[in-house]
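So you can see what is in the structure, the chains are spelled out below.
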Amino acid sequence: MRKKIVAGNWKMNTTVPEGVQLAKEVVAKAVEVPSDVKLIIATPATHLVPVAEVVKGSVVGLSAENCADKEKGAYTGEISAAMVASTGAQYTILGHSERRQYYGETDEKLVEKTKLALANGLGVILCVGETLEEREAGKHFDVVGAQTLNVLNHFSAEDMKNIIIAYEPVWAIGTGKTATADQAEEIHAFIRKTLADKFGAQVADDTTILYGGSCKPSNANELFAKSDIDGGLIGGAALKAEDFIQIALSF
Ligand code: 13P
């Protein structure tokens, strides 16, 4: 059975003390959320150790926002999957469109990152999504299908137990422009069909597929009501504990 998940991606926001405070607020309010909804917060790498301390013993999971495509060694500034796992984090986001766009994250690198994350016991939140230009050219299914398979072709049905997909149309991220629930559902159903063709119906049915892109308390309900939308990857609205929890109460 797939899980309902609401994950907050803090991106490059908050100082360490601010992040610790936000995590404390999320943990305090998490008791309001039904136990079948999993909460995850993804923080900057600098925050993982102190935030791991805050979420310890609570229902809130902890994620990194990225990890390196190399195991270890002379890669100045990089943070390995083993390092992430050693903080107490249980997940990492990979392939966020901001990393694809600004930091040259390719599908090839994502294969390596995903392998290392899984080998170190981390769950992976793999992001896919088309740009506005690609959508307007009618290429959104091709782009999302290729992004999904270029990475997942290298993994097994067993690996899929630890992989969550997040569909984040680039044109909806931070723009206030949400995909309509129907637009999102159409792509989610397509991703699930892609997974079914590759791994079989059971794996497809068991994989959690999140929607991300201007998801907020006012629209989460309509999005989460769709049968193939299993929750959200939340950016801006995850920086306020109240909004984040409100979204988690929207199933
Ligand atoms: P916003 O919710 O700020 O649009 O960001 C979505 C996102 O990129 C989450 O990873």
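Keep in mind it's a predicted model, so treat the numbers as computed, not measured.

Caption draft 1: Representation of the pattern of salt bridges in the model. Within this structure, the stated rule accounts for 16 salt bridges. Here Lys4 ties to Asp36 by a salt bridge, and the two come within 3.0 Å at their closest N and O atoms. Highlighted residues: Lys4 in strand β1 (residues 4-9) and Asp36 in the loop between α1 (16-29) and β2 (37-42), separated in sequence by 32 residues. Take Lys4: its relative accessible area is 32%, and that puts it in the partly exposed class. Here Arg99 makes a salt bridge to Glu105, at a shortest N to O gap of 3.8 Å. Salt bridges linked by common partners bring Arg2, Arg192, Asp205, Asp228 and Asp230 together as one network.

Caption draft 2: Spotlight on the site of the ligand. The ligand sits among Asn9, Lys11, His96, Glu168, Ala172, Ile173, Gly174, Gly213, Ser214, Leu233, Gly235 and Gly236. A distance of 2.7 Å separates an oxygen atom of the ligand from a polar atom in the side chain of His96. The contact in question runs from an oxygen atom of the ligand to an N or O atom on the side chain of Glu168, over 2.8 Å. For the ligand, whose free accessible area comes to 310 Å², the fraction covered by protein is 94%.

Caption draft 3: Quick look at α1. The first and last C-alpha atoms of α1 sit 20 Å apart over 14 residues, in line with the 20 Å expected at 1.5 Å per residue. Of the positions making up α1, those classed as buried are Gly19, Val20, Leu22, Ala23, Val26 and Val27. Across the axial projection of α1, the buried residues extend over an arc of 165°, all falling on one side. Exposed residues on α1 whose side chains face more than 90 degrees from its buried face are Pro17 and Ala28.

Quick notes on the rules
Residues numbered from 1 in each chain as written. Predicted model: local features only at pLDDT ≥ 70, side-chain atom pairs only at ≥ 80, totals over all residues. Heavy atoms only, no water. Salt bridge = Lys/Arg side-chain N within 4 Å of Asp/Glu carboxyl O. Helix = DSSP H or I, 4+ residues; strand = E, 2+ residues; numbered from the N terminus. Buried < 20%, exposed > 50% of the residue type's maximum accessible area, 1.4 Å probe, protein only. Near = heavy atom within 4 Å. Polar contact = N/O pair within 3.5 Å; in protein donor to acceptor, adjacent residues only side chain to side chain. Areas by Shrake-Rupley, 256 points an atom, 1.4 Å probe, with all protein chains shown as cover. Expected span 1.5 Å × (residues − 1). Arc of directions from axis to C-beta.

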